[in-house]
Amino acid sequence: LGDVAAFDKLRKQTTVSLNLKARQVERDLLEQERLTRENQRRAAHGQKPVATLEELEELEADATVDAVLSEASQIVADMTTLPLIAQVFKDT
């Protein structure tokens, strides 16, 4: 719910400061809020908190690779059973 509220807040923002320092402060604040929300979510799921957003991005990249690998292994497993299934339907 916090992510949705933060997204809505950003979407409704219609101005951007031309002051570089003000924009950097705003960006740092947004990143800190995101890190806090993510660590709350991780704590609720029994996962250890992350120290930085970079660490989080590395974990997410690893999870994506694992998901692709897992899905690929399921596809290969299904492909190995296809000849058996085809034989069963052929015999009936």
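Criteria and cut-off values
- Throughout, a residue's number is its position along its own chain's written sequence, starting from 1.
- Local features in this predicted model are restricted to residues of pLDDT 70 or higher, and side-chain atom pairs are both shown and tallied only at a pLDDT of 80 or more, whereas totals for entire chains, interfaces and linings draw on every residue.
- Note that water and hydrogens are dropped before the side-chain values are worked out from all heavy atoms of the structure.
- Each helix is a run of H or I in the DSSP string that is no shorter than four residues. Each strand is a run of E no shorter than two, and both are numbered from the N terminus.
- Our radius of gyration looks at C-alpha atoms and nothing else; its globule reference is 2.2 Å times the residue count to the power 0.38.
- When accessible area is computed with a 1.4 Å probe and restricted to protein chains, residues below 20% of their type maximum are described as buried, those above 50% as exposed, and intermediate ones as partly exposed.
- Accessibility throughout is a Shrake-Rupley quantity obtained with a 1.4 Å probe, and a residue counts as covered only by protein chains that appear here.
- A pairing counts as a salt bridge when a side-chain nitrogen of Lys or Arg comes within 4 Å of a carboxyl oxygen of Asp or Glu.
- Predictor confidence is given residue by residue as pLDDT, running from a minimum of 0 to a maximum of 100.
- Helices are assigned an expected span. That span is 1.5 Å times one less than the residue count.
- What qualifies as a polar contact is a pair of N or O atoms within 3.5 Å, subject to a donor-acceptor requirement within protein and to the restriction that residues adjacent in sequence count only when both atoms come from side chains.

Asker: I would appreciate a short explanation of the overall build of the chain in the present structure.
Answerer: Assigned secondary structure in the chain consists of three helices and zero strands. Listing every helix and strand of the chain by position from the N terminus yields α-α-α. A compact globule built from 92 residues should have a C-alpha radius of gyration of about 12 Å, whereas the chain, at 23 Å, is more than 25% larger. With the principal axes as the frame, the chain shows a C-alpha extent of 75 × 30 × 25 Å. Counting across all 92 residues of the chain, residues that qualify as buried make up 9%. Accessible area of the chain: about 7,900 Å², with a carbon and sulfur share of 61%.

Asker: Which parts of the structure should I look at to understand the pattern of salt bridges?
Answerer: Oppositely charged side chains are able to pair whenever their charged atoms sit close together. All chains considered together, the criterion is met by two salt bridges. Close ionic contact of Arg-11 with Asp-8 constitutes a salt bridge, the shortest N to O distance being 3.2 Å. You can see Arg-11 and its partner Asp-8 sitting in helix α1 (residues 2-12), three residues apart, about one turn around the helix. The exposure class of Arg-11 is exposed, given its relative accessible area of 57%. On the accessibility criterion, Asp-8 (25% relative accessible area) is partly exposed. The closest approach of N and O atoms between Arg-41 and Glu-38, which form a salt bridge, is 2.5 Å. Placement of the pair is Arg-41 and Glu-38 together in helix α2 (residues 20-44), with a separation of three residues, close to one helical turn. For Arg-41, a relative accessible area of 37% puts it in the partly exposed group.

Asker: I tried to follow the confidence of the model for the chain on my own but got confused; where do I start?
Answerer: Do not read the fine detail of predicted coordinates wherever pLDDT is low. Residue-level pLDDT values for the chain average 85, and 97% of them are 70 or greater. Helix α3 (residues 53-91) is the least confidently modelled element of the chain, averaging 79 in pLDDT, while α2 averages 92, the highest of any element.

Asker: Even after reading the chapter, I still don't get the environment of Asp-91, so can you show me in this structure?
Answerer: Mapped onto the secondary structure, Asp-91 falls in helix α3. Along the sequence, Asp-91 and Thr-52 sit 39 residues apart, while their C-alpha atoms lie 59 Å from each other.

Asker: Help me understand α2 in this model?
Answerer: An α-helix turns once per 3.6 residues; consequently, residues spaced three or four apart project the same way. Helix length check: α2 (25 residues) gives 36 Å between terminal C-alpha atoms against 36 Å at 1.5 Å per residue, within 8%. Looking at α2, one finds that the buried residues are Leu-35, Glu-38, Asn-39 and Arg-42. Of the residues flanking the start of α2, the one acting as N-cap is Asn-19, its side-chain oxygen 3.0 Å from the backbone nitrogen of Lys-21. Gly-46 sits one or two positions beyond α2 and adopts a positive phi of about 75°.

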